[in-house]
Amino acid sequence: MLVTTKQLFQECYGKYAIPAVNVFFMEEIHGLFSAAQKANAPFIVQTTPFARDYAHPEMLLAMIEAASSIYPDVTYAVHMDHGYEEHIFDAIRKGGYTSVMIDASHDRFDENVKRTRKVVEKAHEKNISVEAELGVLAGVEDNLTIDAAHSFYTNPQEVEDFVKATDCDSLAIAVGTSHGAYKFSGGQGLQFHILEEIQQRLPGFPLVLHGGSNVVPEIVERINAAGGKIKTDAKGVQEDEIRKAIPLGICKINIATDTRLLWTMVNREFFRDKPDEFAPTTPGKIFMEEYERFIIKKFELFGCTGKADNFLPVNA
């Protein structure tokens, strides 16, 4: 069942979080939808402008729609992550998305409000939810690179005015995470004092955690043992931090780096161990199985396993 993120957040707030998973290709989509059906867990499937350029929007949305037919019992939203106006208005006009994110966080506060408000007005006309962002995360995601010197935490004193002025449906905040595989190399972790103050100022309002991957040390070690050169001093968002953040209003947690590392591990190990192989389907099947198991663990961590039934129509 296709829903909006607003519907998901109204149900999950303070109780559990919804994983928002970036996808690029068929194997990821199969693994995600299969895991959700087995776990009976709601989820958000995300595409970025980079993914849309890589696979083409029509291809991505067609694969997602096909997956919803193959796995008919899933409850999900389709979200555009880190969009700019050209991508967002195209998505609103052509359809297929129930949620979009306008990333104007690098602008001045007043310009961020102006751009976000314009997107909200157009999206709400089509019953599409809007995620905005306040504060800037460091790191690398797709073709976006922000160094630490230009990142900054969300200012809790600005959040009330921002939400009121924009009428956005959820707010991505910067509380210590970063994009990419090198998240907490400085060891700082999530800044819970900032998150707590934001929730106090926005009680009941859905908050979003970008850069929510864990960067599992074992996966990094296996990649490097198979010929990779991933840095080993990275530290993602820890499981205890996730559990602590959910009651503080974190409703949506973005996952991208973890699945990329998983793909890298599977393929490096496969071709190391089977150098005579060249068919893409064999490692593809292994990846889908590993991906499904990985996502099911995320559902369990976020507390959303078994929660898809909460979104069924009353007369179902």
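Under an unreviewed UniProt entry, the name given to the protein is Class II fructose-bisphosphate aldolase, and the organism recorded is Dyadobacter sediminis.

1. Considerations on the overall build of the protein
Tallying secondary structure elements over the protein gives 12 helices and 11 strands in all. Relative to a compact globule of 316 residues, whose C-alpha radius of gyration would be 20 Å, the protein shows 19 Å and is just as compact. Considering only C-alpha atoms, the protein reaches an extent of 60 × 50 × 35 Å along its principal axes. Put simply, 78% of the contacts in the protein that link residues at least 6 apart link residues at least 24 apart. Accessible surface, the protein as shown: approximately 14000 Å² in total, 51% of it carbon and sulfur. Of note, the protein has its 32 positive side-chain charges centred 0 Å away from the centre of its 45 negative side-chain charges.

2. A closer look at helix α12 (residues 281-302)
Residues spaced three or four apart along an α-helix face the same direction, because each turn holds 3.6 residues. In a regular helix each residue adds 1.5 Å, so 22 residues correspond to 32 Å; α12 covers 31 Å between its end C-alpha atoms and thus fits that length. One or two residues past the end of α12 sits Gly 303, with phi positive at roughly 80°.

3. A look at the pattern of salt bridges
Applying the stated rule across the entire model yields 18 salt bridges. Each member of the salt-bridge network shares a partner with another, and the members are Arg 52, Asp 90, Arg 93 and Lys 94.

4. Remarks on the sheet that holds strand β8 (residues 170-173)
Strands sit in the order β1-β2-β3-β4-β5-β8-β10-β11 around a closed barrel of eight strands; the barrel is parallel. Recorded for the sheet is a direction-independent mean angle of 25° between the axes of neighbouring strands. As judged from the four bridges shared by strand β5 (residues 129-134) and β8, these two strands associate in the parallel manner. The partner of Glu 133 across the bridge, within β8, is Ala 172. Across the face of the sheet, helix α4 (residues 57-70) comes into contact with β2 (43-47) and β3 (76-83) while running at roughly 160° to β3.

5. Examining the pairing of β3
The buried fraction of β3 amounts to eight of the eight residues, a majority that puts the element mostly inside the structure. Strand direction decides the pairing type here: β2 and β3, joined by five bridges, are parallel. Within β3, the residue paired with Thr 47 across the bridge is Met 80. For the segment spanning β3, helix α5 (residues 85-94) and strand β4 (residues 99-102), crossover handedness is right-handed.

6. Focus on the nonpolar core
If you look at the biggest cluster of nonpolar residues, it comprises 93 residues, and the most contacted ones within it are Phe 33, Phe 43, Leu 171, Leu 195, Leu 207 and Phe 299. In terms of residues, this core owes the most to one element, α12, which gives seven residues. Phe 43 has contacts with Leu 8, Ile 18, Pro 19, Leu 32, Phe 33, Ala 36, Val 74, Thr 75, Tyr 76, Ala 77 and Phe 299, leaving out every residue within four places of it along the chain.

7. As for unusual backbone geometry
We note that His 82 has phi near 50°; this positive angle belongs to a residue other than glycine. Residue placement: His 82 occurs in strand β3.

8. Some remarks on the environment of Leu 134
Mapped onto the fold, Leu 134 is located in strand β5. Sequence separation between Leu 134 and Pro 19 is 115 residues; the distance between their C-alpha atoms is 20 Å. What Leu 134 contacts, discounting residues up to four positions off in sequence, is Phe 109, Asn 112, Thr 154, Glu 158, Val 159, Phe 162, Leu 171, Ala 172, Ile 173 and Ala 174.

9. Focus: the environment of Leu 190
Inspection of the secondary structure puts Leu 190 in the loop between β9 (178-179) and α8 (192-201). The exposure class assigned to Leu 190 is buried, which follows from its relative accessible area of 8%. The sequence separation of Leu 190 and Ala 174 amounts to 16 residues, and the corresponding C-alpha distance is 9.2 Å.

10. Observations regarding the packing of helix α2 (residues 26-39) against α12
The geometry of α2 relative to α12 is characterised by a closest axis approach of 8 Å and an angle of 45° between their N-to-C directions. Comparing their axes, α12 and α2 come out oblique. The handedness of the crossing between α2 and α12 comes out as right-handed. On α12, the residues that touch Glu 27, Glu 28, His 30, Gly 31, Leu 32, Ser 34, Ala 35, Ala 36, Lys 38 and Ala 39 of α2 are Gly 284, Phe 287, Met 288, Tyr 291, Glu 292, Ile 295, Ile 296 and Phe 299. Grouping the amino acids of the contact of α2 with α12 by side-chain chemistry returns 10 nonpolar, four polar and four charged.

11. Observations concerning the UniProt feature "binding site: dihydroxyacetone phosphate" (unreviewed entry) in the protein
Here, the residues flagged by UniProt with the feature "binding site: dihydroxyacetone phosphate" (unreviewed entry) are Gly 180, Gly 211, Gly 212, Ser 213, Asn 254, Ile 255, Ala 256 and Thr 257. Note that Thr 257 resides in helix α11 (residues 257-273). Look at Thr 257 and you get buried, because its relative accessible area is 11%.

Parameters and conventions
Residues numbered from 1 in each chain as written. Predicted model: local features only at pLDDT ≥ 70, side-chain atom pairs only at ≥ 80, totals over all residues. Heavy atoms only, no water. Helix = DSSP H or I, 4+ residues; strand = E, 2+ residues; numbered from the N terminus. Rg over C-alpha atoms; globule rule 2.2 N^0.38 Å. Contact = heavy atoms within 4.5 Å. Areas by Shrake-Rupley, 256 points an atom, 1.4 Å probe, with all protein chains shown as cover. Lys, Arg positive; Asp, Glu negative; His and termini not counted. Charge placed at Lys NZ, Arg CZ, Asp CG, Glu CD. Expected span 1.5 Å × (residues − 1). Salt bridge = Lys/Arg side-chain N within 4 Å of Asp/Glu carboxyl O. Pairing = 2+ DSSP bridges. Axes fitted to C-alpha atoms, helices over the stretch in contact; angles between N-to-C directions. Buried < 20%, exposed > 50% of the residue type's maximum accessible area, 1.4 Å probe, protein only. Right-handed = clockwise from strand over helix to strand, strands pointing away. Core = buried A, V, L, I, M, F, W, Y, C linked by side-chain atoms within 4.5 Å. Parallel < 35°, antiparallel > 145°, perpendicular 65-115°, else oblique. Left-handed = near helix turned anticlockwise from the far one by under 90°. Nonpolar A, V, L, I, M, F, W, Y, C, P; charged D, E, K, R; others polar. UniProt positions renumbered as here; feature names shortened; annotations may be inferred.

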